[in-house]
Amino acid sequence: MLNIAVCISGGGTDLQSIIDNQDHINGKIRLVISSRKNAYGLERAKKAGIKAEYIRDEQKIIERIEEEKIDLIVLAGYLAIVGDQLLSLYKNRIINIHPSLIPSFCGSGMYGMYVHQAVYQRGVKVSGCTVHFVSEVVDGGPIILQKAVDISNCKNPEEIQEKVLKEEHKILPEAIQLFCNGQLKIENERVEIIK
């Protein structure tokens, strides 16, 4: 069973989806780290009996992750930039959920509600979410899973967010399960799912 750390910055609904699916995952959340002191996700973790800590300093994050013998880091609504040292230490062991179909509506400044606002303004008919490995390029790592969502009837960015979040809560635990089962193979920036 692998040890998982989840990094958050806000309400932690993606974190909750992992907590709710832990029975189906060959891994256990050992630590939740928040970049914001008052993030509700910290409360979610505590209610589930998981160590939850507010840490901003990358060196301290690395120390705690090493102390907990973490195998996989999951960025679940984590709004801080992951530093080079953590990226190199945990190469292909950090995954992120993004609220669009990468490579659309991603990269610098594209996170959270900003994504859904941009999608709405552009008049896109299909959006979705992507789970990918984290690399030095923002939202540029190999893609693990994607789910398309029909948003043609959405009247505002909030409706888009609601529809996309439902799918995030399905594919993030699924991607973690695939990782923990050793079913992900990266070759030439492409992820192959081994059945």
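Please read all numbers here as calculations on a predicted model, not as lab measurements.

Draft legend 1. Spotlight on the domain arrangement of the protein. Domain assignment breaks the protein into domain 1 (1-90) and domain 2 (96-194). Using C-alpha coordinates to define each centre, domain 1 is positioned 19 Å away from domain 2. Listed as interface residues are 19 residues of domain 1 and, on the opposing side, 16 residues of domain 2. Contact between domain 1 and domain 2 buries roughly 1,500 Å² in total, counting both sides, with carbon and sulfur atoms accounting for 72%. When the buried area of domain 1 at its contact with domain 2 is split by residue, Asp14, Leu75 and Leu87 rank highest and sum to 30% of it. Scanning the region where domain 1 abuts domain 2 turns up zero salt bridges. Looking at the side of domain 1 that touches domain 2, the elements that each hand over two or more residues are strand 1 (2-8), helix 1 (13-20) and strand 4 (72-75). With four residues, helix 1 is the largest single contributor of residues to the side of domain 1 that touches domain 2. A per-class count over the side of domain 1 that touches domain 2 returns 10 nonpolar, seven polar and two charged.

Draft legend 2. Looking closely at the environment of Glu158. Tracing the sequence through the fold places Glu158 in helix 6 (residues 157-180). A residue is classified by how much of its surface remains accessible, and Glu158, at 45% relative accessible area, is partly exposed. The spatial distance from the C-alpha of Glu158 to the C-alpha of Ile25 is 30 Å, given a sequence separation of 133 residues.

Draft legend 3. Quick look at the side chain of His98. The residue His98 is located in strand 5 (residues 94-98) in this model. On the basis of relative accessible area, His98 is assigned to the buried category, the value being 3%. Here the side chain of His98 touches Phe105 through a polar contact of 2.8 Å, landing on its backbone oxygen. In this structure, His98 is in contact with Phe105, Cys106, Met110, Val115, Gly128, Cys129, Thr130, His132 and Asp139, ignoring residues within four places of it in sequence.

About the thresholds
- Residues numbered from 1 in each chain as written.
- Predicted model: local features only at pLDDT ≥ 70, side-chain atom pairs only at ≥ 80, totals over all residues.
- Heavy atoms only, no water.
- Domains from an automatic or database assignment.
- Contact = heavy atoms within 4.5 Å.
- Buried area = accessible area lost by both parts, 1.4 Å probe.
- Salt bridge = Lys/Arg side-chain N within 4 Å of Asp/Glu carboxyl O.
- Helix = DSSP H or I, 4+ residues; strand = E, 2+ residues; numbered from the N terminus.
- Nonpolar A, V, L, I, M, F, W, Y, C, P; charged D, E, K, R; others polar.
- Buried < 20%, exposed > 50% of the residue type's maximum accessible area, 1.4 Å probe, protein only.
- Polar contact = N/O pair within 3.5 Å; in protein donor to acceptor, adjacent residues only side chain to side chain.

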